[in-house]
Amino acid sequence: MTAFVRRRGDRAIAAMVTLVVVALASGCAVKLAPGYDRTLVDGLAEANENAMTLFASVSSSSRETFDRRENTYNRLIGKFDALRMQAQARPTPRPFVLQILGIGPDPTKAPKDLALLDAPTPKILRTVVDTLTKMRDTDKTQGLNEQLILGFKNSYEISIDQVLTYEKALER
Amino acid sequence: MAHPFDIDELVQSLKTAASDVVQKDVTTLRGFSERQLQGMAKQAAWIAEATAKAEIDANLRDFFLNNLEDMARNFATTLRGLLAVTIEKVWNALVTTLWKAIEKAAGVALPVPI
């Protein structure tokens, strides 16, 4: 085998050999993020469309008409909560290569170290649920004016951008 | 048939494989970060203005402040998640390139890395 190797410097060869050994020892291809879930992405897209429709409808409403919107709020909050649970149930990879690099699961390490590869989706959707719940409750008790709707919509858009960007990036 | 192992050629292939992934993902990450930072800055400004004009009471102000803190934390963990995806793609691209180089040099077909 050495007959086929052109000697270009010990450092380059050592680095290459190290990389090959690590790749072989690690089982080669690695997974550092959860798998893409099309049903989750489709669910988020549908829920997002419903949310934007709700924001559009409340902009021209008053507290007195809350009863007509209550079911819409509850369905939307329930939908996002269901998607949160679906994301939470998705397996998180624990690749062997991380153990070689010293950052993998280890019974001597504190539990928070295992969260290195946890997907952010469940916590983002928790924030979305909290935002929509507060918006519903505020609509019910005092009504929503243009300024309040803007605040809730800003908040919602930041969170939905986070979750859609991440989930779509998992398609690789 | 075996071929001489050209380290310079392999290093160049590895650089290309890695940079192809990184350049594409950096564009996505940059756009995402820009949108998020603008959005959070806009929300912070809204909270300040709404509080100053008494358009929101203390209860709502505290809710939006905690909400903004949660979103900032979620932004950081999302960025971490996106970086993990990029690292995964780079790693797997490098392994594939190495495998092909070894196959070419050894002149044999190797099992595909799992």
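All values reported here derive from a predicted model rather than from experimental measurement.

Parameters and conventions
- Residues numbered from 1 in each chain as written.
- Chains lettered and ligands numbered in written order.
- Predicted model: local features only at pLDDT ≥ 70, side-chain atom pairs only at ≥ 80, totals over all residues.
- Heavy atoms only, no water.
- Helix = DSSP H or I, 4+ residues; strand = E, 2+ residues; numbered from the N terminus.
- Buried < 20%, exposed > 50% of the residue type's maximum accessible area, 1.4 Å probe, protein only.
- Contact = heavy atoms within 4.5 Å.
- Lys, Arg positive; Asp, Glu negative; His and termini not counted.
- Charge placed at Lys NZ, Arg CZ, Asp CG, Glu CD.
- Expected span 1.5 Å × (residues − 1).
- Polar contact = N/O pair within 3.5 Å; in protein donor to acceptor, adjacent residues only side chain to side chain.

A. Expanded view of the overall build of chain B. Across its full length, chain B holds two helices and zero strands. By its C-alpha atoms, chain B is 80 × 25 × 15 Å across when sized along the principal axes. The proportion of buried residues among the 114 residues of chain B is 40%. Put simply, of all contacts in chain B between residues at least 6 apart along the chain, 73% involve residues at least 24 apart. Both charge centroids of chain B, one from 12 positive and one from 14 negative side chains, sit 2 Å from each other.

B. Highlighting the overall build of chain A. When helices and strands are tallied, chain A shows six helices and zero strands. The helix and strand sequence of chain A, counted from the amino end, reads α-α-α-α-α-α. Taking all 172 residues of chain A together, 42% fall into the buried category. In chain A, the share of contacts with a sequence separation of at least 24, taken over all contacts with a separation of at least 6, comes to 81%.

C. Fine view of the side chain of A:Ser159. Looking at the element boundaries, A:Ser159 is found in helix H6 (residues 146-169). Accessibility expressed as a relative area gives 1% for A:Ser159, which makes it buried. Setting aside anything within four residues of it in sequence, one finds A:Ser159 in contact with A:Ile124, A:Thr127, A:Val128 and B:Met71.

D. Focus on the environment of B:Arg61. Residues and elements named next belong to chain B. By the element assignment, Arg-61 lies in helix H2 (residues 58-106). Look at Arg-61 and you get partly exposed, because its relative accessible area is 29%. Each C-alpha atom of the pair Arg-61 and Thr-51 lies 6.8 Å from the other, and the pair is 10 residues apart in sequence.

E. Representation of helix H1 (residues 7-52) of chain B in the model. Residue and element names in this part refer to chain B. Along its 46 residues, H1 runs 65 Å from first to last C-alpha, staying within 8% of the 68 Å computed at 1.5 Å per residue. You can read the cap of H1 off the contacts: a side-chain oxygen lies 3.0 Å from the backbone nitrogen of Asp-8, and it is on Asp-6. At the exit of H1 stands Ala-54, carrying a positive phi of roughly 60°.

Read these as spatial facts, not as claims about activity.
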